[in-house]
Amino acid sequence: MRHPFSSLPCLLLASFSARQAYALVEYIDVCNEIKTSVSNASAVFFPGSFTYSNDIAHWAGSSKELAACSVEPGTAADVGTVLKIVGANAVPFAVKGGGHASNPGFSSTTGIHISMARFSDVVFDATTKTATIGAGLVWDDVYAALEPHGVNVVGGRVSGVGVAGFTLGGGYSWKSNQFGLTVDTVVAYELVTPNGTVRTVNASDANLFWALKGGGNRLGVVTRFTLKTFPQTEVFGGIIIYLGDQIAALANATLEFQNTVSDVKAQVITTLNVAAGLPGAVLLLFYDAPTAPAGTFDMFMNIPAFSKDVKTRSFLSLVQSSPVNLAPPTRAIFNTVTLPSYTSALMDAVVNETLARGAALTLQSGTFISYDIEPFAPGFLQRSRTSDSAFPPTRSQGVPLNIYYSWGLSAADAAFQDAARASAARIEALVGGSSKLPRYPNYSIYDTPLADMFGVAGTARLRSVAQSVDPKGVMNLAGGFKL
Ligand SMILES: Cc1cc2nc3c(=O)[nH]c(=O)nc-3n(C[C@H](O)[C@H](O)[C@H](O)COP(=O)(O)OP(=O)(O)OC[C@H]3O[C@@H](n4cnc5c(N)ncnc54)[C@H](O)[C@@H]3O)c2cc1C
Ligand SMILES: *[C@@H]1O[C@H](CO)[C@@H](O)[C@H](O)[C@H]1NC(C)=O
Ligand SMILES: *[C@@H]1O[C@H](CO)[C@@H](O)[C@H](O)[C@H]1NC(C)=O
Ligand SMILES: *[C@@H]1O[C@H](CO)[C@@H](O)[C@H](O)[C@H]1NC(C)=O
Ligand SMILES: *[C@@H]1O[C@H](CO)[C@@H](O)[C@H](O)[C@H]1NC(C)=O
Ligand SMILES: *[C@@H]1O[C@H](CO)[C@@H](O)[C@H](O)[C@H]1NC(C)=O
Ligand SMILES: *[C@@H]1O[C@H](CO)[C@@H](O)[C@H](O)[C@H]1NC(C)=O
């Protein structure tokens, strides 16, 4: 019998824990079965190789695990082969797009790690004005590929975020005030179902199309997304950093922006934070034309800033102006609430949560305690007129608040996760239980009840669609919200 470690450098094993070494022994035969079953368009990589390290890498250190091997399928048919093998062996697996999952274990595993890296094509069809995009890309790649055509898609707002996880969850974009969420612009999915069948899912397949729009990764592996495109000019905007003494002024200005600027091409994200113990704030601002009408952003420009990088630039340059990847977090968690709209009382509560939690959590190895205020324009969820999606289950107005904490010590994980739950509950309580709105899956902490994201009826419908494509529950071997 083949020795399970035959292809592994022994020195490397010394750095694995007993549990990980056990996982390697347990799953290595499955890795080898995959290796001999897939076509030459695909490949399997083992610990110690550069490609393996890239494949399992994540934005947040706490979202990474050491897999027995990584698989890079190169064709949809090979994705089917891999799914059939992991299903038949009942081994845990992961599917990774851009690796920006904030929830531990959502796109990582100690079993078989599937990296979508080889799905890296962007094909623009000038006739249908759609772009077909590989599931291994990050939005930066997509914007760069579409720029020469003078078009763009409704995608991510900062550098490095993956197309796949983002689109499967919903997708809040700089262009959402105009065109809705990313899911509202999907024309078709290339989906590999857990029994290995490759199919194209579009509006003709009503239930599955609905479920794929925001309903997560229980339906199979998506290999390509076909999205509507929109004409794209240069844009105006960038980043402004403020010191802590301007937090109250910035909160005020954000309210003023929400309440007075009705131009759907204008959008901001206001982040209040405590970074390494010091309060501060970051404003990302966007206008979907080379210049913004006079006065649009005056409420922000009038506040004394620490630094400012705001100008006319390409869409890609705007997305890359935010420094989110300069210091990727060691450990991280997101949580969220959806608010009817921001009010002065809610702003006060967010400011207080930032400062109070920031001070307390800094003492527990907290490095960045932040609250992203995202004041989308009233009615933005109705804008697209294609409203049949698993998320959001209702199109009544609601804007997200994203809580993001990062810290250093794994021993503090529970304290930070508990604080993220408590902070969301405290803010949500202010809007009243009866007007509680669906939470965005891609900002929600891992144990969020499904009904809080998809509604009660939506959750039941999602379960029945998943049952129809995955009667054996193969996708439950992968991380993500379990139905
Ligand atoms: C810095 C940062 C900025 C962000 N900005 C925004 C924003 O502006 N707007 C917004 O809406 N969200 C934003 N998010 C949240 C983002 O939408 C999610 O983190 C999203 O899941 C990232 O997708 P990914 O492909 O990078 O993640 P991954 O970690 O690769 O995957 C996330 C989930 O999707 C599943 N998955 C991945 N690929 C596939 C596939 N091909 N088929 C089936 N399942 C798959 C994984 O199993 C996992 O459960 C941001 C997150 C971060 C960390
Ligand atoms: C891959 O396999 C195909 C046949 O399935 C063959 O035509 C092709 O030459 C092979 N490519 C390489 C690089 O081996
Ligand atoms: C879905 O795709 C099929 C096959 O390509 C096509 O015949 C059908 O018209 C499409 N449906 C919609 C609503 O686009
Ligand atoms: C984004 O939402 C989808 C759909 O629910 C889910 O599969 C995915 O895991 C989410 N990503 C994160 C980071 O939670
Ligand atoms: C914020 O707005 C309130 C009410 O409009 C005002 O009383 C307060 O002075 C403002 N604070 C700052 C710092 O601008
Ligand atoms: C501020 O937030 C903290 C933490 O949630 C809370 O204990 C405190 O009571 C809040 N203060 C005010 C004035 O709301
Ligand atoms: C695979 O599952 C699909 C449902 O998604 C079903 O229509 C198809 O018949 C199944 N194929 C096989 C070979 O079992």
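Going by what an unreviewed UniProt entry lists, the protein is known as FAD-binding domain-containing protein and is assigned to Exidia glandulosa HHB12029. Entered under Sequence similarities (unreviewed entry) in the UniProt record, the comment concerning the protein runs "Belongs to the oxygen-dependent FAD-linked oxidoreductase family."

Moving on, we get to the sheet that holds strand 2 (residues 69-72). Ordered by their spatial adjacency, four strands build an open sheet running 1-2-4-3, and the pairing between neighbours is mixed. Both edges of this open sheet fall to strand 1 (43-45) and strand 3 (93-96), since each of them pairs with a single strand only. Pairs of neighbouring strands in the sheet enclose a mean axial angle of 25 degrees, with direction left out of account. Two strands pair when backbone bridges link them, and strand 1 and strand 2 are joined in this way by three bridges, in the antiparallel orientation. Its bridge partner being in strand 2, Phe45 is matched across the sheet by Ser70. Sheet contacts for helix 4 (residues 76-89): strand 2, strand 3 and strand 4 (112-115); angle to strand 4, the most-contacted strand, approximately 165 degrees.

Our focus in this paragraph is the UniProt feature "domain: FAD-binding PCMH-type" (unreviewed entry) in the protein. With numbering aligned to this structure, UniProt lists the feature "domain: FAD-binding PCMH-type" (unreviewed entry) at residues 63-232. Taken end to end, residues 63-232 is 24% helix and 26% strand, and its two terminal C-alpha atoms sit 34 Å from one another.

On to the packing of aromatic side chains, then. With the rule as written, the count across this model stands at 27 aromatic pairs. The interplanar angle of 70 degrees and the centroid separation of 4.6 Å between the aromatic rings of Tyr172 and Tyr440 together place this pair among those described as edge-to-face. Here the residue Tyr172 occupies a position in the loop between helix 6 (163-169) and helix 7 (176-179), and Tyr440 occupies one in the loop between helix 13 (413-431) and helix 14 (450-454), the gap between them amounting to 268 residues. The residues Tyr172 and Tyr440 share a single accessibility class, namely buried.

Moving on, we come to the side chain of Ser102. With respect to the secondary-structure elements, Ser102 resides in the loop between strand 3 and strand 4. Apart from residues lying up to four places away in sequence, Ser102 is in contact with Ser63, Ala332, Ile333, Phe334 and Asn442.

Every residue close to ligand 6 is listed here: Asn352, Glu353, Ala356, Arg357 and Arg426. In the environment of ligand 6, an oxygen atom lies 2.3 Å from a nitrogen or oxygen atom belonging to the side chain of Asn352. In this structure, Glu353 approaches ligand 6 through a side-chain N or O atom, which is 2.7 Å from an oxygen atom. A per-element tally of the shell around ligand 6 places helix 12 (residues 344-362) first, with four residues. Of the residues belonging to the shell around ligand 6, the class tally is one nonpolar, one polar and three charged.

What follows deals with the environment of Glu33. Its location among the elements puts Glu33 in helix 2 (residues 18-37). Residues Glu33 and Gln320 lie 287 residues apart in sequence; the distance between their C-alpha atoms is 41 Å. Contacts of Glu33, omitting those with residues within four sequence positions, involve Ile85 and Asn89.

Right, let's get into empty space enclosed by the protein. Scanning the model with the defined rule gives two cavities of 30 Å³ or more in all. What the largest cavity holds in volume is close to 90 Å³. In this structure, the largest cavity is lined by Tyr172, Thr338, Leu381, Phe391, Pro392, Thr394, Ser396, Gln397, Gly398, Leu437 and Pro438. Taken as a whole, the second largest cavity spans an internal volume of roughly 60 Å³. If you go around the second largest cavity, the residues you meet are Asn177, Phe257, Gln258, Val261, Asp263, Ala266, Pro375, Phe376, Ala377 and Pro378. Taken together, the residues of the lining of the second largest cavity sort by class into seven nonpolar, two polar and one charged.

Let's shift gears to the nonpolar core. Membership of the largest hydrophobic core comes to 140 residues, with the highest contact counts inside it found for Ile34, Ile112, Phe300 and Tyr405. Broken down by element, this core gets its largest block of residues, seven residues, from strand 14 (residues 278-287). Once residues lying within four places of it in the same chain are set aside, the contact partners of Ile34 are Val44, Val71, Val82, Ile85, Val86 and Ile112. Residues Ala43, Phe45, Tyr52 and Ile56 belong to the second largest nonpolar core, which totals five residues.

What counts, and at which threshold
Residues numbered from 1 in each chain as written. Chains lettered and ligands numbered in written order. Predicted model: local features only at pLDDT ≥ 70, side-chain atom pairs only at ≥ 80, totals over all residues. Heavy atoms only, no water. UniProt positions renumbered as here; feature names shortened; annotations may be inferred. Pairing = 2+ DSSP bridges. Helix = DSSP H or I, 4+ residues; strand = E, 2+ residues; numbered from the N terminus. Axes fitted to C-alpha atoms, helices over the stretch in contact; angles between N-to-C directions. Contact = heavy atoms within 4.5 Å. Phe/Tyr/Trp six-rings, centres within 6.5 Å; stacked < 30°, edge-to-face > 60°. Buried < 20%, exposed > 50% of the residue type's maximum accessible area, 1.4 Å probe, protein only. Near = heavy atom within 4 Å. Polar contact = N/O pair within 3.5 Å; in protein donor to acceptor, adjacent residues only side chain to side chain. Nonpolar A, V, L, I, M, F, W, Y, C, P; charged D, E, K, R; others polar. 1 Å grid on protein atoms, 1.4 Å probe; cavity = no way out; pocket = protein on both sides within 12 Å on 5 of 7 lines; lining within 4 Å. Points joined across faces, edges and corners; volume = space filled by probe spheres on them. Core = buried A, V, L, I, M, F, W, Y, C linked by side-chain atoms within 4.5 Å.

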